[in-house]
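# Structure assessment
Each chain is listed here by its residues.
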Amino acid sequence: MAAWDLSVTVEELGPEATPFKVSVTSDLHIGGVVLRIVEKTQIKKDWSDHALWWEQKQQWLLQLSWTLEKYEIHADARLSLTPQHKPLRLGLPNGTTLRLQACFSRPVFQTVTGVCRLLNMRHPEELSLLRPVEEKKKKKKDTEEEVAVYDLTSLGISSGPAHTLSNGMPVHFADSPQTEAVYKMLSVSLPAPETITKMPRPTSLVDKAQVHSRWLDSSRSLLQQGVQEHDRLLLRFKYYCFHDLQPKYDAVRLTQLYEQARWAILLEDVGCTEEEMMLFAALQYHIGKLSLSEPQLMTSCPSMDDLDSALQCLEVKTDAEESSAEDMLETMRVAPELHDYLKIFRPKRLTLKGYKQFWFTFNNASISYYKSKEESLKEPVQQINLKGCEVVPDVSVAGQKFCIRLLIPGAQGMNVVCLRCENELQYSRWMAACRLASKGKTLADSSFSNEVQNIQSFLAMQRTTPRVNAAQTDDSINTHGLVSPRYHKKYKSKQLTPRILDAYQNVAQLPLTDALLRFLQIWQALPEFGVCYFVVRFKGCRKDEVLGVTNNRLIRIDLSTGDVVKTWRYNTMKQWNVNWDIQQVAIEFNGNVNIAFSCVTATCKIVHEYIGGYIFMATRTREQTEVLNQELFYKLTGGHEAL
């Protein structure tokens, strides 16, 4: 049995304090080491939150029953007795910075769970922590002085179920007027600052890819990843599939999700058309007015109780979630056909051909087109299978342009097909049908009618309506906080204000909760919604490309043009693995399709975690709203470090 003197530093005594020497043997357990150190300090306090940190191996010694021999600790080891919970500055999507106690010893996944529990945000598995953009040294002090930090380090919650007051506020926030004010600030949208024009905006796919390289590893602790006490991190929604979103219980969650969506629009992280930007601006203006006039916390309204109809775009469902009973009923239904005259255009290089009119029929998950209605009984000019395709809207209500852009997977990449409809009703029906077909669903699916209604209501909100309140002054709108800076370079405020007010008339009657949900619904309908970009190098290729990761598919994108080259859906994935030695991700799909790539702008662990995380999100059900299978999450995202 080996015996030696172990050197242990106690953080409470300061960085300059001399380490304690503790006589130990190889069979002494970690709990005994901690006990001897505490006795040597002669400090009477609660040491229950303290644990040993092994500096050389960047490892926490949390198994108190394990011996020094089992941990392979020898005489040259430098240990530190330090608190597991330490103050951390946390930046929220609405720009608020909180100082709170965070766990530095457990995996980031559990740390985020604790933070969300404190802030009364359900489903913490959808969020994670990422490092902020490094600021220039000259401006760092000035920036820190400008940012107000709200101290919540004194707040603590019990280990039992979270209780709330009648107005929806957690009990631990109701201890003082100061904490009540902070909670209301988290639950209410804040106006965008004038400094929006100076904020960094992604100008390319590479810039967007750099953002996703800063995510922390969910399987490792903060201290293992170099995060120190009082450092600043950002809490953001990482996985764009928002499960069981209920305004009655999710005041903070809904507001912070709206704020993240709003800033994605304002900083052009997600692209949108000019009409959509004016609609987003009108909704922001309306939400801002209601937030000022209705300072009370959000509660549910009767029209929002049926979340399946109100949030069908927010609660993402993959094919894997469909129950066997629903599949059986769907197979028993007779899928109706959709047919009409549409115009089609296949964009190709060095061609001047435009749209040509054909007779189109929609059956199951494919479309066929003929020269005329009379020839529809003959062989079609072409039949296009839409399963697995990308459906991109190309609409201008003011210009009466109703186009559907289809990106069809092919052997040589994605083939582009553009369909042009004559009016809103025709567009709504065909757009809804194409969206369902891309997921392998038919027109017999129960969501078809809801999809049509959602598209029609979205188009109705973009119609220009003459202003009823003509006396409204231009000074009442701060356009700098409502549209992205690009539009301020293109138009003057006096030109933007009437357009925003025209769009505002279509949303002015919406209650606050409905307006927030409608903003999120339109955000999710954007073509670039939920795409996380990574610069990668595919095996066998000599140039860098972009991999887009979404909630239900992987997208291969040309780095130079931004065009979609290929799409693979998760429901066709057979397996994926990572060669950690060469940092390469390999994925096998149905049909003997295999891809492999190495990551350029991020570690392959981040991409691996995204894929595993989205597959984990697809396993959630309504019965699991409060119970989370953490073990499954670590298995799918942890890789070789899975617990």
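Residues numbered from 1 in each chain as written. Predicted model: local features only at pLDDT ≥ 70, side-chain atom pairs only at ≥ 80, totals over all residues. Heavy atoms only, no water.

Labelled according to an unreviewed UniProt entry, the chain appears under the name Fermitin family homolog 3-like, originating from Salmo salar. Listed in UniProt under the heading Sequence similarities (unreviewed entry), the comment for the chain reads: "Belongs to the kindlin family." (UniProt positions renumbered as here; feature names shortened; annotations may be inferred.)

### What to know about the environment of Leu267
The topology assignment puts Leu267 in the loop between α7 (251-266) and α8 (274-293). Overall, the relative accessible area of 15% leaves Leu267 in the buried class. Those residues in contact with Leu267, other than ones at most four positions away along the chain, are Ile196, Met199, Pro200, Arg201 and Pro202. (Helix = DSSP H or I, 4+ residues; strand = E, 2+ residues; numbered from the N terminus. Buried < 20%, exposed > 50% of the residue type's maximum accessible area, 1.4 Å probe, protein only. Contact = heavy atoms within 4.5 Å.)

### Re helix α16 (residues 604-617)
Relative to the 20 Å expected for 14 residues at 1.5 Å per residue, α16 spans 20 Å between its end C-alpha atoms, a close match to the ideal helical length. Of all 14 residues that make up α16, 13 are buried, and the element is covered over most of its length. (Expected span 1.5 Å × (residues − 1).)

### Concerning the confidence of the model for the chain
In this model, the chain carries an average pLDDT of 84, and 84% of its residues clear a pLDDT of 70 or more. Below a pLDDT of 50 lies the segment residues 470-474, which in the model reaches 3 contacts outside its immediate sequence neighbourhood of four places, other chains included. (pLDDT = per-residue confidence, 0-100.)

### A short note on unusual backbone geometry
Among all residues save glycine, negative phi is the norm, and among peptide bonds the norm is trans. Phi at Gln42 takes a positive value of approximately 60°, unusual for a residue other than glycine. Among the structural elements, Gln42 can be located in the loop between α1 (30-41) and β3 (50-54). Unlike most non-glycine residues, Gln58 shows phi in positive territory, near 50°. Looking at where Gln58 falls in the secondary structure, it is placed in the loop between β3 and β4 (59-61).

### Details of the packing of aromatic side chains
On inspection of all chains with the given rule, the structure shows 30 aromatic pairs. Relative to Trp359, the ring of Tyr341 lies with its centre 4.9 Å away and its plane at 75°, an arrangement referred to as edge-to-face. Here Tyr341 is found in strand β11 (residues 338-345), whereas its partner Trp359 is found in strand β12 (residues 356-363), with 18 residues between them in sequence. Trp359 sits in the buried class, given a relative accessible area of 7%. Within the aromatic cluster, the residues linked to one another by ring pairs are Phe237, Tyr240, Phe242, Trp523 and Phe529. Across the ring face of Tyr610, the terminal group of Lys238 is positioned such that the distance to the ring centre comes to 5.0 Å. (Phe/Tyr/Trp six-rings, centres within 6.5 Å; stacked < 30°, edge-to-face > 60°. Lys NZ or Arg CZ within 6 Å of the ring centre and 35° of its normal.)

### Thoughts on empty space enclosed by the protein
The full count for this structure, using the stated rule, is 7 cavities of 30 Å³ or more. Its volume calculated, the largest cavity comes out at about 160 Å³. Every residue lining the largest cavity is counted, 14 residues in all, and those nearest its centre are Arg435, Asn454, Ile455, Phe458 and Ala525. Elements supplying a minimum of two residues to the lining of the largest cavity: α11 (424-438), α12 (448-462) and α15 (512-525). The element that contributes the greatest number of residues to the lining of the largest cavity is α12, accounting for 5 residues. In terms of residue class, the lining of the largest cavity is made up of 7 nonpolar, 3 polar and 4 charged. (1 Å grid on protein atoms, 1.4 Å probe; cavity = no way out; pocket = protein on both sides within 12 Å on 5 of 7 lines; lining within 4 Å. Points joined across faces, edges and corners; volume = space filled by probe spheres on them. Nonpolar A, V, L, I, M, F, W, Y, C, P; charged D, E, K, R; others polar.)

### Thoughts on the sheet that holds strand β21 (residues 564-569)
Strand order in this open sheet of 7 strands is β21-β20-β19-β18-β24-β23-β22, and the pairing throughout is antiparallel. Edge positions in the sheet fall to β21 and β22 (573-579), since each has one partner strand and no second. Adjacent strand axes in the sheet meet at a mean angle of 30° when their direction is disregarded. Sheet strands touched by α16: β18 (532-538), β19 (545-549), β20 (553-557), β22, β23 (584-589) and β24 (593-599). Its angle to β22, the strand with the most contacts, is close to 155°. (Pairing = 2+ DSSP bridges. Axes fitted to C-alpha atoms, helices over the stretch in contact; angles between N-to-C directions.)

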